[in-house]
Each structure stands twice: as structure tokens, then as C-alpha cells.
4 protein chains.
Amino acid sequence: MTELAVQEGTWKNGKFYFPVRVYYEDTDAGGIVYYANYLKFAERARTEFVRMLGVNQRNGLETDEQLGFVVRHCEIDYKSSAVLDDVLEVSCAIKQLGGASAVVSQEIVRNGQLLVSLEVKVVYVSLKNKRPVRIPAELAKKMQGC
Amino acid sequence: MTELAVQEGTWKNGKFYFPVRVYYEDTDAGGIVYYANYLKFAERARTEFVRMLGVNQRNGLETDEQLGFVVRHCEIDYKSSAVLDDVLEVSCAIKQLGGASAVVSQEIVRNGQLLVSLEVKVVYVSLKNKRPVRIPAELAKKMQGC
Amino acid sequence: MTELAVQEGTWKNGKFYFPVRVYYEDTDAGGIVYYANYLKFAERARTEFVRMLGVNQRNGLETDEQLGFVVRHCEIDYKSSAVLDDVLEVSCAIKQLGGASAVVSQEIVRNGQLLVSLEVKVVYVSLKNKRPVRIPAELAKKMQGC
Amino acid sequence: MTELAVQEGTWKNGKFYFPVRVYYEDTDAGGIVYYANYLKFAERARTEFVRMLGVNQRNGLETDEQLGFVVRHCEIDYKSSAVLDDVLEVSCAIKQLGGASAVVSQEIVRNGQLLVSLEVKVVYVSLKNKRPVRIPAELAKKMQGC
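Residues numbered from 1 in each chain as written. Chains lettered and ligands numbered in written order. Predicted model: local features only at pLDDT ≥ 70, side-chain atom pairs only at ≥ 80, totals over all residues. Heavy atoms only, no water.

## Some points on the relation of the copies chain A and chain D
Each copy superposes on the other: chain A lies on chain D with an RMSD of 0.0 Å after a rotation of 180° and an axial shift of 0.0 Å. Here the copies are linked by what is in effect a two-fold axis. Closest approach to the rotation axis among the C-alpha atoms of chain A is made by E75 of chain A, whose C-alpha sits 2.2 Å away. Here 95% of the contact residues of chain A are again contact residues in chain D; the copies associate through an equivalent surface. (Least-squares fit on C-alpha atoms with pLDDT ≥ 70 in both. Contact = heavy atoms within 4.5 Å.)

Quick look at the structure:
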């Protein structure tokens, strides 16, 4: 029914990019984006990255198995700050791929200037008991090329 | 093991009050508390209010029945703004009590000055199918006096 | 430098619509969007609505005058819940226009089903002292038609 | 006027602890605390830690100088998840102290079980231009002992 397309990411030179607009909700009284909120931007990008690879996270939530990625480790380097109304690009690249885990390298960039970089280790788990599960071959194969 | 008490509310003249400290996470680039975040403060107060009446929300989540309050309607009047480091008092009073619902009147006050007032209609539901369920007699009786 | 377009809204039959994707950050342990977060969606839509009318909020923040809209009153009706991965449409319509204020009527819809409706009274103020200021004639004229 | 004390931290064996209650706002559809929100808990603890050492962050915001700590780097290890209604203890310890920076070691614990550990590098800056500024001798001296 709706013809209005929601924000998606795109591929440029084999790398995934997702654009994010900074709203009041993202900022704090220091006039800049609150430090925890870059992790929200990063997860939106990872979610759209996985969606583009053909996997829907909610499907996971609704099946009996309920599989999905959870974050095990995260390293964030804050180089410069984003401010209200900024348009940011959040990239995703697979740095390392294990049987049930992956290290995702992400950069948050404004007009070519790197503001924040993240390295995020995610583990594929059964969402019920949080036990690691092998990443499905089809998804792993797609991630390998990114 | 821990002897550290977490924040609770108190009763003053028959009315429930819950204190809230304003942190960076609550503020925005306008230098004030972001308008949606007062709803977080209000819910913390309602949660502690119900806890003090002897009901634990997570118990609801873990039983088969899974009962709890959800918000159906909310009216918020923003009179003045809270800022970083403020200590606020959030009150809860039952304005109206129905079989499966209640209207809660809440005020967010700083040093006696009313900043934000809310009127929140909550409905007691089965969290699985969101269908209204009669508020347990014991809880309803306790709410009546507030 | 960037060719990646960030999410904008569109006009359909004279009404403004802004699409919002629901991410994990928006949901809560009840499995639905947390009740305060619909106010974030509503503000994103209002911001893009005003941006489309040709006004940039940050310009306001950077000039000496520092003008912008703040919320004075808000009424929210929660009819049904959004869940993870939903694509929502958030509409904006000017219900009433005063010299320094406006009442904005907003609906949050999923596949044609109304989930949440809001009525938001915003006041145009000097962000420094929060005093009401007359909405610029050009902007007021544009808002009138919406 | 108010006699209601807001949540403070305490010292145990020379280490600072701040208690945090988990509310619906902190959780996500996975039924656990959203991964970015532990950074909020960590900052609340750091803020109360600095406040206990006798420094008020807002004073910084209001003076001409406007000094304060900003996060430069952050490493987070997610071992286990917190859930709704949990009472957490967030600790703060100075791991390293430089002229204008400090590395803070933080642990988020539930009933003696370590859930999340963080290492946060903060820099003392002029909030206007974000340039590093020497930590005041009095504050540095107090931090040294923690």
C-alpha cells in the first residue's frame, strides 16, 4: 500500500554504507551526539547490512529457533563529534569471520571526515539461551565477500 | 551480598514521590531535557510506585500469564525545562480506577517548581495478546488509597 | 562528496509523510516499541517537515537569535503497537496556526493501520530565554497550507 | 524543601560503586538491556564519582571556561546480560591518570556476577573548542587515590 521507501544502505566499491541523520534525540547538553548513541547508529547500519545480505532479523525472533547476532565486544574510538542535523555515513566491513562469530569494522564519517570508528565482535546465538550457533552457510558466504 | 540500596520512592502526606537525577543522556543540544525523556522519568516513578504496593513487574513477565500495565493514552504539559544535574521529584497519584485500567496523575517538580505534568491512562493486560485483564483485587485495593 | 541520500519525507495528497524503520534501540522487553520512543519518531517527522518547508533548525542554533520550536503540550493515543523491523509512516498536518505557536496533528501508521496518534502544540521561541517569538511570515505562510 | 535524597554512590574498600535499577526504557525486544545502554549506566557512575570527589559538572557548563570530561576511547566486554528489574552495581576505578586525561576501569555487576566491563579513556577539555585542558590539581589529587 505504501509507496514511501524507508532508508536503505548502498554499496560503494564493495563496501556497505548506511546514512544517518542526527536529530535532537541523539544530542546532549554538550551540543554534540551523546557518546552511547553512535552505537545505535552502528547497529542500524549492521542491521541494514544483514538485511541487504538477505536475512531478516525478525524472522529469527518469530521462528522456534530464534537466532540472531548479539554484541560480545566493542571498541570505539571517538576522534571528532557529530552535531545536530549532520548527515553521517556509517560503513560496515567484515574484518574477521569465525564459525559462530564475526568482527565488524565500522566507520562513522561526515563529508569524508572520520568521526568515530568501531570494531564490534558479534556472535550468532540462539536468542533464547544465548548459546552460540554456527552462522548459516549461505549467510556466512555472503558476509565473506564484504 | 550487596549492601548498596538502589533508589526507591517515598510517601509524603499519602502521595508517592520518586527522585530522578538528570544526566547527559537525558538532555539534548537545546541544553534541556529532551521532551520524550520525561516519559521515561514518569515510568520509573510508576514502576516504583507499583513495586512499593507489593507487585513486581518481572514476576508478570515470567509467569505463564504475563500481566502488566501498558500505556493507552498520555497527556503531557511542558511548563518549564529541566537541565543537566537537576534533581527532580516525580509524583504518582491515582486519579481514576477502573476494572482493568487506571488514570495516573503525575507531576515532575524541581525545588517545588512544577516543570511537567502528565496524565497517563494505563491498562492492565496480558502481555502476550495485549488483551485487558481485571486488575487483581489486592492491587486494586492498594491503588485505591493513592 | 557523498552521493548517498539520507531519508527525507514526501507529500501525498497535500500531506507530509516520513518513513521510520523500527530498530532494536526503539523496542523494549515487552517486545514492542517503548512508549516514549514514538515521540522521537514524531519529532523526526516534524523536523523533516520544517526542513522541507525550507527552514534549517541548526541555522537557528548558530545565529545570535537562536530560534526554534519547542513542545508545550502533547497528547498521545496508543491504539496498537509497533514491533521490531516495522516500517512506519509518520504524518504531519498543521491543525491550528497561531502567531507564535502551532498545533501539529500526527499519525503513526503501519501498512494503513493507525497505531499511534499525537497532537503536539509547539511554540516558536528564542532558544536562549525560551520566550515566544512570532513565526517568520514566510514560514507561517508555508505551514498554513499543510 | 525536598527531603527526598536522590541516588548517590558509595565507597567500599576504597572503590566507588553506583547502583542502577533496570527499567523498561533500558531493555530491548531481545528481553535484555540494549547494548548501548550500559554506556549510560557507566556514565551515571562516572558522573556521581566525580561529584563525590567534589566537582559539579554543571558548574563547568555555566562558567566562561566550561570544562568537563569527554570520552575519547571506550572498550566494552559483554559477558552476560542484565534484564528488566535487575539491580546493578557500577564501579569506577582510575586505572591511569595523565595530565589532561584518565583511563577509568568500570564493572557492571549483578549479585556479584560480572556482566559487563568497560575501559573508558576520558579527556578533560574546554567544552567550547574541545581542546584538552590540564585536570585541576585538586581534582587530579583526589582521582589519584581511587
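From this point, things continue past the structure.
## Structural notes on the confidence of the model for chain A
When pLDDT is low, close inspection of the predicted coordinates is not appropriate. Of all residues in chain A, 90% attain a pLDDT of 70 or more, and the chain-wide mean is 90. Our summary of model confidence lists the complex with pTM equal to 0.94 and ipTM equal to 0.91. (pLDDT = per-residue confidence, 0-100.)

## Digging into the relation of the copies chain D and chain B
Overlaying chain D on chain B yields an RMSD of 0.0 Å, the required transformation being a rotation through 180° with an accompanying axial translation of 0.0 Å. The fraction of interface residues of chain D whose copies in chain B are also interface residues reaches 100%, indicating that both copies meet through the same surface.

## Topic: helix α1 (residues 37-52) of chain D
Residues and elements named next belong to chain D. For α1, which comprises 16 residues, the first-to-last C-alpha distance of 23 Å matches the rise-based estimate of 22 Å (1.5 Å per residue) to within 8%. Of all 16 residues in α1, 15 are buried, a share of seventy percent or more. In the stretch just after α1, G54 is the one whose phi turns positive, near 100°. (Helix = DSSP H or I, 4+ residues; strand = E, 2+ residues; numbered from the N terminus. Expected span 1.5 Å × (residues − 1). Buried < 20%, exposed > 50% of the residue type's maximum accessible area, 1.4 Å probe, protein only.)

## Some remarks on helix α3 (residues 137-144) of chain B
Residues and elements named next belong to chain B. Those residues of α3 that fall on the buried side of the exposure criterion are L139, A140 and M143. Buried positions in α3, seen along its axis, are confined to an arc of 100° and lie on one side of it. Of the exposed residues in α3, the ones pointing more than 90 degrees away from its buried face are A137, E138, K141 and Q144. Those residues of α3 hidden inside the fold are in contact with β3 (67-78), β4 (87-97) and β5 (101-110). (Arc of directions from axis to C-beta.)

## Side note on the interface of chain D and chain B
Opposite the 32 residues of chain D that make contact, chain B presents 32 residues. When the two sides are added together, the surface that chain D and chain B hide from each other amounts to roughly 3,200 Å², 52% of it contributed by carbon and sulfur. Seen at the junction of chain D and chain B, the total is six salt bridges. With a shortest N-O distance of 3.1 Å, R51 of chain B and D85 of chain D are connected by a salt bridge. Our enumeration of links across chain D and chain B arrives at nine residue pairs in polar contact (both at pLDDT 80 or more). Sorting the residues of the side of chain D that touches chain B by element identifies β1 (10-12), β2 (15-21), α1, α2 (57-62) and β4 (87-97) of chain D as the ones contributing at least two each. A per-element tally of the side of chain D that touches chain B places α1 of chain D first, with six residues. (Buried area = accessible area lost by both parts, 1.4 Å probe. Salt bridge = Lys/Arg side-chain N within 4 Å of Asp/Glu carboxyl O. Polar contact = N/O pair within 3.5 Å; in protein donor to acceptor, adjacent residues only side chain to side chain.)

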